[in-house]
Amino acid sequence: MTISDRNLGVLAGAGSAGLLIAALGFQAIGYVPCELCILQRWPHLVAAIIALVVLVVSNNPIWRWLGALATATACGIAFYHVGVEQGWWEGPTACTGTIRDLATMSTQDLMTQLQSAPVVRCDEPQWYFLGLTMAAWNAICSAILTVIWAISARGWRPTVTQAS
């Protein structure tokens with residue numbers, strides 16, 4: 001039995017939809033997402049929509065390559081987020097609460113920046129499972145989904161045999 005290229009792409013898109021549902025579920029139970037967490041969701045939404053296109057409209061491999069690109073983008077953003085969480089590099093100013101040029105800033109400008117600072121910081125993880133943050137798990141899952149999309153687009157996959 002072999003899985004068709006189309007079905008493999010749809011499976012990868014369903015994986016992205018599952019990650020989105022999980023993120024929204026965590027949000028529903030009280031975990032407030034940071035700016036980078038929300039940014040990671042958009043490529044998964046695109047991948048899920050592409051899977052619908054592959055299923056309903058067109059099975060052209062270009063769509064499946066676009067699905068791979070979408071999940072690779074999610075993986076890249078998630079890896080960047082992990083680096084911010086681990087202190088490997090600095091995150092966006094709006095996400096980490098860092099205030100630039102404090103010495104030259106007026107009191108009014110400082111107050112404006114403090115009042116507009118995000119409540120949830122990107123460099124302070126709220127959740128760990130098996131020692132990994134949600135961003136790290138998203139990076140791993142996104143990498144796996146990227147491989148599935150690429151296999152689907154390339155048209156190569158192992159044949160699974162059924163026992164008689």
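(A) Here's a closer look at a nonpolar patch on the surface. Taken together, the side chains of Ile 38, Leu 39, Trp 42, Leu 45 and Ile 49 present a nonpolar region at the surface, about 470 Å² in accessible area. Within the secondary structure, Leu 39 is located in helix 2 (residues 35-56).

(B) Fine view of the packing of aromatic side chains. Within the structure shown, the criterion is met by 5 aromatic pairs. Summarising the aromatic geometry, the rings of Tyr 80 and Trp 89 are spaced 6.3 Å apart at their centres and angled 10° between planes, so their arrangement reads as stacked. With relative accessibility at 34%, the residue Trp 89 sits in the partly exposed group. Joined through ring pairs, the aromatic side chains of Phe 79, Tyr 80, Trp 88 and Trp 89 make up one cluster.

(C) Representation of the environment of Asn 7 within the structure. Counting through the fold element by element, Asn 7 comes out in helix 1 (residues 5-28). Spatially, the C-alpha atoms of Asn 7 and Ser 152 are 8.2 Å apart, while their sequence positions differ by 145 residues.

(D) Here's a closer look at the environment of Ala 135. Topologically, Ala 135 is positioned in helix 6 (residues 134-154). When the C-alpha atoms of Ala 135 and Glu 85 are compared, they prove to be 8.7 Å apart, with 50 residues separating the residues in sequence. When near neighbours in sequence (up to four residues on either side) are disregarded, Ala 135 contacts Gln 40, Ala 78, His 81, Val 82 and Glu 85.

What counts and how
Residues numbered from 1 in each chain as written. Predicted model: local features only at pLDDT ≥ 70, side-chain atom pairs only at ≥ 80, totals over all residues. Heavy atoms only, no water. Patch = residues over 30% accessible without salt bridge, like charges linked within 9 Å, V, L, I, M, F, W, Y side chains within 5 Å. Areas by Shrake-Rupley, 256 points an atom, 1.4 Å probe, with all protein chains shown as cover. Salt bridge = Lys/Arg side-chain N within 4 Å of Asp/Glu carboxyl O. Helix = DSSP H or I, 4+ residues; strand = E, 2+ residues; numbered from the N terminus. Phe/Tyr/Trp six-rings, centres within 6.5 Å; stacked < 30°, edge-to-face > 60°. Buried < 20%, exposed > 50% of the residue type's maximum accessible area, 1.4 Å probe, protein only. Contact = heavy atoms within 4.5 Å.

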